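One letter stands for each residue in the lines below.
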Amino acid sequence: MFGVVVLPMRFFLGLRIMEDVRKLPEQLRCFDLAKAQCTCCSLGHTDGKTSLPCDRRLLLKSIRRWFSEPESPDDALARFEKLLRQGFRQEVLQCVGYGYASLGYAVYMACSGSVPILVLQLRSLRADASPEAVDQAAWFLRVLVNWAQVPLGSLFGVWMNQALCSVGVKIPLRRSLVVALLSTVTLLASAAPVALQQILLRTEPSSYLPVAYFVAWLTVTTTLFHCTGCRVERPQPHTCDVGHAGVGNAVDSDTFSI
Ligand SMILES: [Zn+2]
Ligand SMILES: [Zn+2]
């Protein structure tokens, strides 16, 4: 049920988001105030009954005030655009620009999402609490692994999802086929959490095997995040000031509004 309904839905959404994210580097690199569209202007500053004030004029006025310098007051807009194309672009791209969340952000999301399930596990912890005859350290670590497998599974799932969507948008097939492919790979990858559950169930209470498996899985997951998290933007051969085809369409379709 989960595989048939939830997975394809997730990938349809994820692929759409990834497509937007892939436009971001170019949009930021070529940011041009003159090209940015404005809802008020495209509506002719009226909603049919009343007149709308112009957001663009308001914004330009503020930008001129914030970014003008006494020695060259006319360069305010150029200064603002330069700031956006350079410093701000780098910051945005480092956070979300390539569709991969940083490890810190993913841990935060995975742990937040797992809290309700962790509460449910409290009950099973009480049922297991008879560690007299058993190796205390092994018992404690196994309880810990039993808890931590939920956030770790989520973390692994987050990485899988963004990696698959990132690859998926580049596959030149019909969207439904790509979604079916990605869903199948996800079902195969769910062998990782299923294996841990089976190891927890089938090993002796004194066995450290679940702990070893957990540490290995954690290492793999954090390594995957590390590999995709520190991608540095390659220097681009073109400058947008000379103008080039193709960019305008991507930028112009996005209209801002306050
Ligand atoms: Zn306007
Ligand atoms: Zn460009």
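Everything quoted here is computed from the prediction, not taken from an experiment.

J.: Account for the packing of aromatic side chains, with residues named and values stated.
T.: A full pass over the atoms with the stated rule returns 5 aromatic pairs. For the ring pair Tyr-105 and Tyr-108, a centre distance of 6.2 Å and an interplane angle of 45° mean the geometry is tilted. With a gap of 3 residues between them, Tyr-105 and Tyr-108 both fall in helix α5 (residues 103–128), about one helical turn apart. Taking relative accessible area as the criterion, Tyr-108 reaches 53% and is therefore assigned exposed. Between Phe-156 and Trp-217, the ring centres sit 5.6 Å apart and the planes meet at 70°, which makes this aromatic pair edge-to-face. Of the two residues, Phe-156 is situated in helix α6 (residues 136–168) and Trp-217 in helix α9 (residues 209–229); the sequence distance between them amounts to 61 residues. Owing to a relative accessible area of 6%, Trp-217 belongs among the buried residues under this scheme. Among the aromatic residues, those joined into a ring-pair cluster are Phe-31, Phe-67 and Phe-80.

J.: Mind laying out the nonpolar core, listing which residues take part and the relevant values?
T.: Membership of the largest hydrophobic core comes to 28 residues, with the highest contact counts inside it found for Phe-11 and Leu-15. For this core, the elements supplying multiple residues, two or more each, are α1 (2–29), α5, α6, α7 (175–189), α8 (191–202) and α9. Broken down by element, this core gets its largest block of residues, 9 residues, from α6. If we ignore the near neighbours within four places in the chain, the residues touching Leu-15 are Cys-165, Gly-168, Val-169, Arg-175, Val-178, Val-179 and Leu-182. The next biggest cluster of nonpolar side chains, apart from the first, holds 5 residues, and it includes Leu-33, Leu-60, Ile-63 and Leu-84.

Criteria and thresholds
Residues numbered from 1 in each chain as written. Chains lettered and ligands numbered in written order. Predicted model: local features only at pLDDT ≥ 70, side-chain atom pairs only at ≥ 80, totals over all residues. Heavy atoms only, no water. Phe/Tyr/Trp six-rings, centres within 6.5 Å; stacked < 30°, edge-to-face > 60°. Helix = DSSP H or I, 4+ residues; strand = E, 2+ residues; numbered from the N terminus. Buried < 20%, exposed > 50% of the residue type's maximum accessible area, 1.4 Å probe, protein only. Core = buried A, V, L, I, M, F, W, Y, C linked by side-chain atoms within 4.5 Å. Contact = heavy atoms within 4.5 Å.

From the geometry alone we can't say anything about function, so treat these as descriptive.
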